[in-house]
Amino acid sequence: MQENRKNLPVTASEDSSWKKKTALFLTSQGLSMFGSMLVQYAIIWHVTLSTSSGSMLTIATLVGFLPQLVITLFAGVWADRHNRKLLIIGADALTAVSTLILALFFLFGFQELWLIFVVSGIRSIGAGIQAPAVNALVPQIVPGEKLMKVNSLNSTVQPFIMIVTPVLAGALLSLARLELIFFIDVLTAALAIALLSLLRIAPQPRADLEPKGFLDDLRAGLAYIRSNRTIKTLFTYFAFTFFLLTPAAFLTPLLVARTFGEEVWRLTANEVTFFAGSILGGVFMTFWGGFPNRFRTLGLGSVVWAVTFVWLGLTNNFTVYLVFMVLAGIPMPFFNASAVTLLQEMVSPKMHGRVFGVQGLIGSAVMPLGMLVFGPIADATSIQIILVVCSALMAIPGIWIYFSRHPVRAKSEFEMQPGD
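Just so it is clear, the structure is predicted and the values come from calculations on it, not from any experiment. (Residues numbered from 1 in each chain as written. Predicted model: local features only at pLDDT ≥ 70, side-chain atom pairs only at ≥ 80, totals over all residues. Heavy atoms only, no water.)

1. Here's the deal with the packing of aromatic side chains
The relation between two aromatic rings is expressed through the spacing of the ring centres and the mutual angle of the planes. Applying the stated criterion across every chain yields a total of 22 aromatic pairs. Aromatic pair Phe 105 and Phe 110: ring centres 6.1 Å apart, planes at 90°, arrangement edge-to-face. What makes Phe 105 partly exposed here is its relative accessible area of 35%. Between Trp 288 and Phe 334, the ring centres sit 5.9 Å apart and the planes meet at 55°, which makes this aromatic pair tilted. With Trp 288 in helix α11 (residues 264-288) and Phe 334 in helix α14 (residues 331-346), this residue pair connects regions lying 46 residues apart in the sequence. Three or more aromatic residues link up through ring pairs in this structure, and these residues are Phe 235, Tyr 237, Phe 238, Phe 242, Trp 305, Phe 309 and Phe 335. Its end group placed over the ring of Phe 318, Arg 266 keeps NZ or CZ at 5.0 Å from the ring centre. (Phe/Tyr/Trp six-rings, centres within 6.5 Å; stacked < 30°, edge-to-face > 60°. Buried < 20%, exposed > 50% of the residue type's maximum accessible area, 1.4 Å probe, protein only. Helix = DSSP H or I, 4+ residues; strand = E, 2+ residues; numbered from the N terminus. Lys NZ or Arg CZ within 6 Å of the ring centre and 35° of its normal.)

What follows is the structure, given as structure tokens:
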């Protein structure tokens, strides 16, 4: 192995058919995400409209979140020990079969809420298994120098789906029965599995199987993270940023309702404008590619977030608010694409699954923790104050990560040393 070679499977950088494979993979995952988001919105709205109960809505949210949080670390180990393509297919199949069973129950008149909650939990497990495997598999297909472009393109497709699915879910719920949406998800999952089955991928670098068992493999992954200064810096940045991002992510609908009005179109505009900005940011990142130092792109995104979210809290004009919401969406691909690409480049391929599993755990745990803090505060004080303070503080980790001095080039497995 040449000393300066990218820390990626040889086949990813030498395979001339990588564009076709990438298109096939992204199409498969786009279909899978489309069906999943369609069902997620439909379930939340069905529970809301049929019960008008905050407690039931809380349960629906928790059963869709907690299983994924629990399974993520295990899924990271599986992604390093087993065939990642088969893991993704298995996760999609688990989701499709459980949703199909739920659709059949509803079709024959068994429409108990507990059935929805059980299936939501199973779907959450499937999502938790799928996420680390997807991020770990991409470098097996895409050449190292193209990772940022592909991740940026993916960051453009995802917000587009996030705009389309709530609108479509609402239209379908008003025109048809809930089980139709379930059947659509089953169909999109089947198509995603079929497309992914056509994808031919070279064998991944196998995890070191010398440890005696699963927990030993997990501990080896955690030790790898602890010994790598760059990963620790990145994950520390994630934790602080996610925590400070919580008010903007969860409390802005309440801010809109309290400040500008409770009309549904205002709440919809609040979501749509952010994702529209994310699409613009994804297109920009696809052509720009970010700074060569990924940390600087992350830092820039955090600072832009800080400025735009502060203005969201300061304005009393809804049109101006929406303009800043569009601007606030633009840095999202800066964050997502840079973070994923940096980990794909810097981490040994044998550790990709476990590292992405821990990243997912941080994202899944910190923001709910933030809601436990900021939710009660929002009932006691102005959301604008919370948003302005947290957003201003977000510039601190952004500036810190921007000027952090860490390796930005992927190292070969033989170059990587503890403490890098």
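Alright, that's what it looks like, and here's the rest.
2. Looking at the pattern of salt bridges
By the definition in use, this model includes six salt bridges. The salt bridge involving Asp 80 is made with Arg 354; its shortest N-O contact spans 2.7 Å. Here Asp 80 is found in helix α4 (residues 66-81), whereas its partner Arg 354 is found in helix α15 (residues 352-380), with 274 residues between them in sequence. There is no split in this pair, since Asp 80 and Arg 354 are both buried. A salt bridge links Arg 294 to Glu 345; its shortest N-O distance comes to 2.7 Å. Taken together, the positions of Arg 294 in helix α12 (residues 294-314) and Glu 345 in helix α14 put the pair 51 residues apart, joining distant regions of the chain. You can call Glu 345 buried: its relative accessible area is 4%. Linked by salt bridges that have partners in common, Asp 80, Arg 84 and Arg 354 make up one network. (Salt bridge = Lys/Arg side-chain N within 4 Å of Asp/Glu carboxyl O.)

3. Some words on the environment of Arg 405
Along the chain, the position of Arg 405 falls in the segment after α16 (383-402). In this structure, the C-alpha to C-alpha distance between Arg 405 and Phe 295, residues 110 residues apart in sequence, is 8.8 Å.

4. What to know about α4
If you check α4, its first and last C-alpha atoms are 24 Å apart, about what 16 residues at 1.5 Å a residue would give, namely 22 Å. Residue Thr 72 marks the point of greatest curvature in α4, where the axis turns by about 45°. Residues Leu 69, Ile 71, Thr 72, Ala 75, Gly 76, Val 77, Ala 79 and Asp 80 constitute the buried set of α4. (Expected span 1.5 Å × (residues − 1). Bend = angle between axes of the 7 residues up to and from the residue.)

5. Side note on the environment of Leu 215
For Leu 215, the location among the structural elements is in helix α9 (residues 214-227). Under the relative-accessibility criterion, Leu 215 is labelled partly exposed at 49%. C-alpha of Leu 215 to C-alpha of Val 77: the two residues are 138 residues apart in sequence and 9.0 Å apart in space.

6. Details of the confidence of the model for the protein
Taken over all residues, the pLDDT of the protein has a mean of 84, while the share at 70 or more is 88%. The element-level mean pLDDT for the protein is lowest in helix α1 (residues 10-14), coming to 46, with helix α13 (residues 318-329) highest at 94. Contacts of residues 1-14 to residues separated by more than four positions or lying in other chains number 42 contacts, the stretch itself having pLDDT below 50. Confidence drops under pLDDT 50 across residues 408-420; counting only partners more than four residues distant or on other chains, this segment forms 41 contacts. (pLDDT = per-residue confidence, 0-100. Contact = heavy atoms within 4.5 Å.)

7. So, the packing of α12 against α13
Interaxial distance between α12 and α13 falls to 9 Å at its minimum, and their mutual angle equals 160°. Put simply, α12 runs roughly antiparallel to α13. In this structure, α12 crosses over α13, and the sense of that crossing is left-handed. Taking contact as the criterion, the partners of Val 304, Trp 305, Thr 308, Phe 309, Trp 311 and Leu 312 in α12 are, on α13, Tyr 321, Phe 324, Met 325, Leu 327 and Ala 328. Looking at the contact of α12 with α13 residue by residue, the class counts come to ten nonpolar, one polar and no charged. (Axes fitted to C-alpha atoms, helices over the stretch in contact; angles between N-to-C directions. Parallel < 35°, antiparallel > 145°, perpendicular 65-115°, else oblique. Left-handed = near helix turned anticlockwise from the far one by under 90°. Nonpolar A, V, L, I, M, F, W, Y, C, P; charged D, E, K, R; others polar.)

8. Some details on helix α6 (residues 113-141)
Structural remark: α-helix, 3.6 residues per turn; residues separated by three or four positions point the same way. Given a rise of 1.5 Å per residue, 29 residues ought to cover 42 Å, and the 41 Å separating the end C-alpha atoms of α6 matches this to within 8%. Where α6 bends most, the angle comes to about 25°, and this point is Val 134. Judged by how many residues are buried, α6 sits mostly within the fold: 21 of 29 residues are covered.

9. Details of a nonpolar patch on the surface
Where nonpolar side chains cluster on the molecular surface, the patch consists of Val 97, Leu 100, Ile 101, Leu 104, Phe 105, Leu 107, Phe 108, Phe 110 and Phe 183 and spans about 810 Å² of accessible area. The element best represented in the nonpolar patch is helix α5 (residues 84-107), accounting for six residues. Inspection of the secondary structure assignment puts Leu 104 in helix α5. (Patch = residues over 30% accessible without salt bridge, like charges linked within 9 Å, V, L, I, M, F, W, Y side chains within 5 Å. Areas by Shrake-Rupley, 256 points an atom, 1.4 Å probe, with all protein chains shown as cover.)

10. Some details on the nonpolar core
In terms of nonpolar packing, the biggest core is built from 77 residues, with Phe 235, Phe 238, Phe 309, Tyr 321 and Val 355 touching the most fellow members. The greatest single-element share of this core, amounting to twelve residues, is contributed by helix α10 (residues 229-259). When sequence neighbours within four positions are dropped, the list of residues in contact with Tyr 321 reads Thr 252, Leu 255, Val 256, Phe 260, Asn 270, Leu 312 and Thr 315. (Core = buried A, V, L, I, M, F, W, Y, C linked by side-chain atoms within 4.5 Å.)

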